[in-house]
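Here's the letter readout for the chains.
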Amino acid sequence: MTAPDTVARRPRLVVVGNGMAGARTVEEIIDRVGPDRYDITMFGAEPYGNYNRILLSNVLAGAEEEDGIFLNSLAWYQEHGVTLRAGVEVTRIDRFARVVQAADGTTTPYDKLVIATGSVPFVPPIDGAHHPRRGFHQGVFTFRTLDDTRAMIRYARDHERAVVIGGGLLGLEAARGLQQYGVSVTLLHAAGHLMNAQLDATGGDILRRSVERLGIDVVTQARSERILGRDTVEGVRLADGRVVAADMVVIAAGIRPNTTLAQVSGLPVERAIVVDDQLRVLDEPDIYAVGECVQHRGQTYGLVAPLWEQAKVLAGHLTGTDPTAAYHGSRAATKLKVAGVDVAAMGVTAPERDDDEFVVFAEPRRGVYKSVVVRDDRLIGATLVGDVSKVGFLMQAFDRGSPLPQERVRLLFDLGGPPAEVSAAELADDAQVCNCNGVSKGALVATVAGGVRTVAGVMDATRAGKGCGSCRSLVGQIVEWAAGGEVAADPSADWYVPGVPLDKPTLIAEIRARGLRSVSAVFDALADGREDARSKMGLVSLLRMMWGDEYVDERGARFINDRVHANIQRDGTFSVVPQMKGGCTTSEQLRRIADVADKYRVPLVKLTGGQRIDLLGIRKEDLPKVWADLDMPSGYAYGKSFRTVKTCVGSDFCRFGMGDSTALGIAIEERFQGLEAPGKMKLAVTGCPRNCAEAYVKDLGVVAIDGGRWEIYVGGAAGAHVRKGDLLATVDTPDEVMTLTGRFLQYYRENANWLERSYAFVPRIGIDRLRELIVDDADGLGAGLDERMAASVAGYRDPWRERDDQATPGQFRTALPLVQLPAVPIRTEPASNGERP
């Protein structure tokens with residue numbers, strides 16, 4: 001009798017954990033043997049597909065949309081025959097019955113089991129942070145998951161001062177990200193210097209200076225003892241008694257391996273789940289573990305690169321494609337951006353033996369620190385902060401034991417001759433280019449060979465450069481090399497804002513044709529409904545320029561400065577700069593300013609480089625009252641707009657004056673005050689070529705010359721960039737100055753890229769072409785420019801009038817500090833300074 005045919009049951013592979021390590025392991029298995037070798041079930045505690053946790057800091061900072069960080073969508077699991085139990089937590093492993101038990105009461109059998117539970121945030125014992133039954137205080141957050149990030153963003157939008165506890169990578173990224181919501185940030189770190197796990201004290205101190213220059217207050221040797229406030233957070237008290245004011249707290253003090261499931265299931269756990277060289281849990285022939293929850297040869301790993309290496313070994317072992325695969329540990333090396341600062345670290349940070357060689361270079365003013373440690377002619381450690389130009393060469397030497405130059409200083413600098421950098425051609429195919437996403441040179445080359453010919457396209461296909469961004473230059477070099485120099489232009493380079501795939505002329509045409517009068521309407525119509533935080537400010541400016549009073553204002557699209565019409569300072573207070581047309585004022589205005597300074601105890605009254613007076617240290621809730629008491633219009637010293645017209649005393653008083661620069665400057669400021677623009681517009685009118693008002697280095701400058709004539713210069717700058725403006729025209733009358741000024745400003749508003757200042761715009765268009773368009777009206781644009789400028793001028797409204805009719809409820813609600821901070825000493829002799837940024 002013949003037995004009936006039966007279909008062999010596929011072995012059941014269960015993966016507990018849908019994070020980067022677990023999902024990468026499944027990807028590696030499918031890449032090797034396809035989706036049919038195993039019947040795969042994955043459990044994920046979060047109700048999503050697999051996403052890149054490293055990019056959460058980009059989401060927080062508004063540099064990346066949520067959908068841009070997902071590595072595998074929910075559809076990917078279906079397409080590859082993977083059963084995903086998203087949002088279902090496994091609570092126990094029954095090793096004898098060979099099943100896993102889930103929180104929803106289900107059991108799932110396995111033949112092979114992979115534990116990839118990752119890590120959990122480390123929360124130091126801080127009173128008031130967490131209640132055993134109620135959970136975290138409503139104003140306290142950890143920073144580990146997408147839901148954490150969403151909660152932080154929602155909370156930060158309505159709060160003013162944040163404390164971040166933890167000065168490692170995650171804490172620094174959280175601090176920098178929160179700043180994007182107008183939040184004043186103080187970072188508390190228990191150790192003596194930042195990133196103490198990766199940097200030595202000197203490197204950490206130099207990093208601290210760079211971070212503080214970003215406006216983040218840093219306090220080291222700060223052990224947080226208690227979070228103050230019952231219903232709302234009011235501050236953090238330190239062990240030494242100091243109190244730091246705050247209305248939200250982010251705890252980013254590191255991570256710990258998530259071993260709870262292994263422990264309750266009786267698996268061997270020390271610092272983490274103990275595994276052998278095949279990532280097999282000790283004494284368990286069919287249970288494996290991978291990622292941050294693993295302890296291998298006494299070591300645990302929190303970087304991405306070791307996770308990728310472990311996933312490859314485990315996949316080779318489980319599929320039988322590489323039965324000899326073994327994991328021998330990873331050499332810790334990383335290159336990333338920390339709060340905008342380039343940092344690279346590998347190996348040890350300081351010499352450990354008497355014969356170790358130690359070469360150090362430090363330039364604190366530039367935020368640069370470099371050190372290398374050499375032992376027996378091999379590089380065993382390197383630290384780079386601020387300047388990572390040698391990181392490619394150093395990583396090759398560290399990973400592969402490459403020969404080192406006898407002059408060890410050449411490890412840090414190129415001293416004559418060609419650079420010692422590793423070229424794209426010299427890199428090995430398996431050399432990891434992107435640590436954040438585990439992308440090798442070979443993967444980039446294969447993508448180019450597959451037909452992708454733009455750098456952005458290769459980055460989208462491989463995710464290289466989509467993490468911290470520090471590898472983008474190298475990615476570009478490899479793509480160019482792999483394409484034989486024939487790299488296609490990236491169309492996104494011409495988009496006006498990153499979230500809408502249109503250049504500015506096309507975007508304006510579509511907005512007009514479709515009648516799109518709000519930011520959300522633009523996203524719905526032109527970006528498939530995908531909102532992009534990075535694009536909102538640019539779109540607000542563009543729509544307000546185009547529609548004037550018809551623009552539909554959505555306050556959530558505005559930055560804090562534009563919501564309250566003042567410039568936020570590092571301590572959470574605001575700067576108030578009233579308008580002084582042409583730099584002129586009256587004794588009555590000065591008395592009101594003095595009265596306001598006394599009444600509101602203004603810490604600092606300062607003269608600006610734009611010939612105005614700046615009142616610094618105004619509380620948010622006092623802004624409407626300050627404006628009312630001043631009874632002066634806004635000086636717009638906070639937005640991307642027309643700022644001010646600087647003037648000299650001109651012909652009325654100066655013996656050298658050739659024209660009435662003061663009157664013309666006031667007339668220009670009265671006409672164009674507050675106009676929205678892609679960038680700041682600073683102007684000046686000077687009464688003679690002696691240039692006392694610095695007209696040659698303004699966005700637009702007017703200079704009186706002999707014969708009552710006027711020269712108009714455009715595209716000047718005297719800040720971080722210094723450029724003398726180009727001569728646009730020489731005219732006979734102030735009326736001609738007004739006309740050409742209006743035309744240039746309107747043409748700049750309509751054609752400059754977002755955040756492109758005139759000093760870049762003018763050379764890009766070319767001064768000869770600008771003369772043709774604006775002075776000669778060669779293309780017949782003049783009448784239209786005049787008409788649209790006139791409409792914008794007619795729509796001017798002083799934003800400080802919102803003191804009488806607030807735009808939104810709570811626009812100027814009470815703000816922190818709730819705990820008294822040390823007062824800035826009142827200074828009685830204000831000195832000239834540049835206009836507030």
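Note: the structure precedes this text.
Here's what I pulled together on the structure shown here. (Residues numbered from 1 in each chain as written. Predicted model: local features only at pLDDT ≥ 70, side-chain atom pairs only at ≥ 80, totals over all residues. Heavy atoms only, no water.)

**Considerations on the packing of aromatic side chains**
Point 1. Per the stated rule, a full pass over the model turns up 13 aromatic pairs.
Point 2. Summarising the aromatic geometry, the rings of Y48 and F70 are spaced 6.3 Å apart at their centres and angled 70° between planes, so their arrangement reads as edge-to-face. With Y48 in the loop between β2 (39-44) and β3 (50-51) and F70 in strand β4 (residues 70-72), this pair connects stretches of sequence that are 22 residues apart.
Point 3. Among the residues examined, Y48 registers a relative accessible area of 15% and is labelled buried.
Point 4. By relative accessible area, which is 24% here, F70 ends up partly exposed.
Point 5. Here the aromatic rings of Y301 and Y327 are separated by 6.2 Å at their centres, their planes lie at 75°, and the arrangement is edge-to-face. (Phe/Tyr/Trp six-rings, centres within 6.5 Å; stacked < 30°, edge-to-face > 60°. Helix = DSSP H or I, 4+ residues; strand = E, 2+ residues; numbered from the N terminus. Buried < 20%, exposed > 50% of the residue type's maximum accessible area, 1.4 Å probe, protein only.)

**Section: the side chain of E756**
Point 1. Of note, E756 is situated in the loop between α20 (734-751) and α21 (758-765).
Point 2. Here the side chain of E756 touches R764 through a polar contact of 2.8 Å, side chain to side chain.
Point 3. With residues near it in sequence (within four places) discarded, E756 still touches P678, Y748, F761 and R764. (Polar contact = N/O pair within 3.5 Å; in protein donor to acceptor, adjacent residues only side chain to side chain. Contact = heavy atoms within 4.5 Å.)

**So, the sheet that holds strand β36 (residues 642-647)**
Point 1. Overall, mixed pairing links the five strands, which are arranged β36-β37-β38-β39-β42 in an open sheet. Every other strand in the sheet has two partners, leaving β36 and β42 (726-731) as the edge strands with one partner each. For this sheet the average axis-to-axis angle between neighbouring strands, irrespective of direction, equals 20°.
Point 2. Sheet analysis places strand β39 (residues 709-714) next to β42, joined by five bridges and oriented antiparallel. Its bridge partner lying in β42, W710 is registered against V731.
Point 3. Helix-sheet contacts for α20 involve β36, β37 (681-686), β38 (700-705), β39 and β42, and the interaxial angle to β39 is about 10°. (Pairing = 2+ DSSP bridges. Axes fitted to C-alpha atoms, helices over the stretch in contact; angles between N-to-C directions.)

**A look at the sheet that holds strand β5 (residues 83-86)**
Point 1. One open sheet accounts for five strands, arranged β5-β2-β1-β9-β23; its pairing is parallel. In this open sheet, the two edge strands, each paired with only one partner strand, are β5 and β23 (287-289). On average, each strand axis in the sheet is inclined to that of its neighbour by 15°, with strand direction left out of account.
Point 2. Where strand β9 (residues 112-115) meets β23, three bridges bridge the pair, whose relative direction is parallel. Bridge assignment links V114 to a residue of β23, and that residue is Y288.

**Topic: the nonpolar core**
Point 1. Ranked by internal contacts, the top residues of the largest apolar core, which has 51 residues, are M42 and I93.
Point 2. If one sorts the elements of this core by residue count, helix α8 (residues 304-319) sits on top with seven residues.
Point 3. Core analysis: the next-biggest nonpolar cluster, separate from the first, contains 42 residues, Y51, F143, A156 and V385 among them. (Core = buried A, V, L, I, M, F, W, Y, C linked by side-chain atoms within 4.5 Å.)

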